[in-house]
Every structure is written in C-alpha cells, then in structure tokens.
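What follows is each chain in one-letter form.
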Amino acid sequence: QQQVKQSPQSLIVQKGGIPIINCAYENTAFDYFPWYQQFPGKGPALLIAIRPDVSEKKEGRFTISFNKSAKQFSLHIMDSQPGDSATYFCAAGHGSSNTGKLIFGQGTTLQVKP
Amino acid sequence: EAEVAQSPRYKITEKSQAVAFWCDPISGHATLYWYRQILGQGPELLVQFQDESVVDDSQLPKDRFSAERLKGVDSTLKIQPAELGDSAMYLCASSVTGNTEAFFGQGTRLTVV
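The paragraphs below set out a description of the structure included in this document.

Some thoughts on the sheet that holds strand S3 (residues 20–25) of chain A
All names here are of chain A.
Working step 1: Taken in spatial order, the five strands make up an open sheet running S1-S3-S8-S7-S6, and their pairing is antiparallel. Edge positions in the sheet fall to strand S1 (4–7) and strand S6 (56–59), since each of these pairs with one other strand and no more. Across this sheet, the average inter-strand angle for adjacent strands is 15°, counted without regard to direction.
Working step 2: For S1 and S3, the ladder comprises four bridges, and the chain directions are antiparallel. Looking across to S3, one finds that Val 4 is bridged to Tyr 25.

Shown next, in the form of structure tokens:
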C-alpha cells in the first residue's frame, strides 16, 4: 500500500514535444505529490508539487494533473527542450506533516532530441 | 544559494570495511533525511532526524548502519561492515520543518568491492 508506480521507464521525444509521465499510488492517506528532476551525478531537485485539493498545477513549462478518485497523477512538460533530458521521479508523502518523508517512483529517463 | 553539502562525493571501499558519510544541511533546517538510491531506482528513506532526535529509522538496517546528528546540525551515516549490496548513492536532504520543501544534496556515490 506504500508503493508508487511510475511509467514509462524511459521516453524519447523531439524538441518541442510534450512528454507525459504517469504515476499511481495506493495509500489514500498521501496528501503531497512532488516531482523531482535528477541529472546524472546530482541529487534530485524539486520541480513542482501538488496537493489533492486541486486537479492541476502549472509552473512554467511543467504541469501536474491530479486525479484523486483514480489515485493517479502525471507530469506534462510543454515545449520540451534538450536541457530537459534527465530522470524524473514522482513521489508521494504527507505534506501536512512530513514533506521530506517520501515514497518515490522508479523514475523515468527522458531524452529530448534536438 | 544555500545548499545541502555532502562529502565525500565518491567513495570506494572493500567489503567488510567501515565507511562514513557526512552531511551539512542548509542553515536553519531542523529536519534532516538520509536516503539511499540504488542505480536505476528511486531514493528510499533510511532515517529522519528532527533536530538531534531520530524521528524514523524503521528502514535503517540497524545491524550495520548507524546515523547520528549530535548537535542537531550536521549528520554522519556509517556502515560497518560494508557489503557489496550497499553500493548506491547516499543522499542527504533537509527542510526547515517537516511540512516544508525538502532540498537534496548531491549525494555520495559508494562502491563496495
């Protein structure tokens, strides 16, 4: 019940495309859903996070869509650029009390071709 | 820009040896986390501190792993003895409190040979 399942494992898009990464969770007590971006040899960096009181959140070219009834959420990257090539992790936790105690998905390696 | 500092960046150690990693969180951050990230997987929480107290170490293999944060600032994670399966990236993260954004350091890449 603590798992977060992420798909696809890898993704290749052309510059300007809109990659979509999906995650599903089981524990309905989760109330904080962040996405992290990780470049090789670096630690994860928070991109954007959503709480279940909203169905969508946008920050720049990054959008999270959240479906509470389906227990799913997804990341969309608008107008993707080669610099977006990285590994993306979704995560779930308890934002009201513990935003750093997270269950991470397995990660999606994104390649954006020029 | 304030960062979570970790050292060393890379560590190669022989099986059965002891190894230690150090983390200095962002100044003023009371909550500190240690995560382990096996290559190709997402990070997994090992231990969480609130100031100098352990809040959660349920996933820490306590027969060989130990963690401390004696003065509630920097922290050390130790493995003794190291096993081949411990090869991973060890990440430290910190947050002001438990309900604010957690920032990760660059990690220590451990290779056990």
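Once you've had a look at it, read on.
Remarks on a nonpolar patch on the surface
Working step 1: On the surface, a cluster of nonpolar side chains totalling about 230 Å² of accessible area is made up of A:Ile18, A:Ile20 and A:Met78.
Working step 2: By the secondary structure assignment, A:Ile18 is in the loop between strand S2 (10–14) and S3.

Quick look at the environment of B:Asp24
All names here are of chain B.
Working step 1: Secondary-structure assignment places Asp 24 in strand S3 (residues 19–24).
Working step 2: The class of Asp 24 is partly exposed, set by a relative accessible area of 27%.
Working step 3: Separated by 17 residues in the primary sequence, Asp 24 and Ser 7 place their C-alpha atoms 8.9 Å from one another.
Working step 4: Among residues more than four places away in sequence, those in contact with Asp 24 are Glu 3, Val 4, Ala 5, Val 73 and Asp 74.

Here we look at the nonpolar core
Working step 1: Formed by 24 residues in total, the largest nonpolar core has its most connected members in A:Phe33, A:Trp35, A:Phe73, A:Leu75 and A:Tyr88.
Working step 2: When contributions to this core are tallied by element, the ones reaching two or more residues are S2, S3, strand S4 (33–38), strand S5 (45–50), strand S7 (62–67), strand S8 (72–77), strand S9 (86–94) and strand S11 (108–113) of chain A.
Working step 3: Looking at this core, the element that brings in the most residues is S9(A), giving four residues.
Working step 4: With sequence-adjacent residues up to four places away left out, A:Phe73 is seen in contact with A:Ile21, A:Asn22, A:Cys23, A:Tyr25, A:Phe33, A:Trp35, A:Ile64, A:Ser65, A:Phe66, A:Cys90 and A:Ala91.
Working step 5: Residues B:Leu46, B:Phe49, B:Phe65 and B:Ile79 belong to the second largest nonpolar core, which totals 20 residues.

Observations regarding the packing of aromatic side chains
In this description, an aromatic ring pair is defined by two values, namely the gap between the centres and the angle between the planes.
Working step 1: Inspection of every chain in the model, using the stated rule, returns 17 aromatic pairs over all chains.
Working step 2: Considering the side-chain rings of B:Phe65 and B:Tyr90, the 6.5 Å spacing of their centres and the 40° angle between planes classify their relative orientation as tilted. Highlighted residues: B:Phe65 in strand S7 (residues 65–68) and B:Tyr90 in strand S9 (residues 88–95), separated in sequence by 25 residues.
Working step 3: With relative accessibility at 0%, the residue B:Tyr90 sits in the buried group.
Working step 4: One aromatic cluster in this structure is built from A:Tyr25, A:Phe30, A:Phe33, A:Trp35, A:Phe66 and A:Phe73.

Cut-offs applied
- Residues numbered from 1 in each chain as written.
- Chains lettered and ligands numbered in written order.
- Predicted model: local features only at pLDDT ≥ 70, side-chain atom pairs only at ≥ 80, totals over all residues.
- Heavy atoms only, no water.
- Pairing = 2+ DSSP bridges.
- Helix = DSSP H or I, 4+ residues; strand = E, 2+ residues; numbered from the N terminus.
- Axes fitted to C-alpha atoms, helices over the stretch in contact; angles between N-to-C directions.
- Patch = residues over 30% accessible without salt bridge, like charges linked within 9 Å, V, L, I, M, F, W, Y side chains within 5 Å.
- Areas by Shrake-Rupley, 256 points an atom, 1.4 Å probe, with all protein chains shown as cover.
- Salt bridge = Lys/Arg side-chain N within 4 Å of Asp/Glu carboxyl O.
- Buried < 20%, exposed > 50% of the residue type's maximum accessible area, 1.4 Å probe, protein only.
- Contact = heavy atoms within 4.5 Å.
- Core = buried A, V, L, I, M, F, W, Y, C linked by side-chain atoms within 4.5 Å.
- Phe/Tyr/Trp six-rings, centres within 6.5 Å; stacked < 30°, edge-to-face > 60°.

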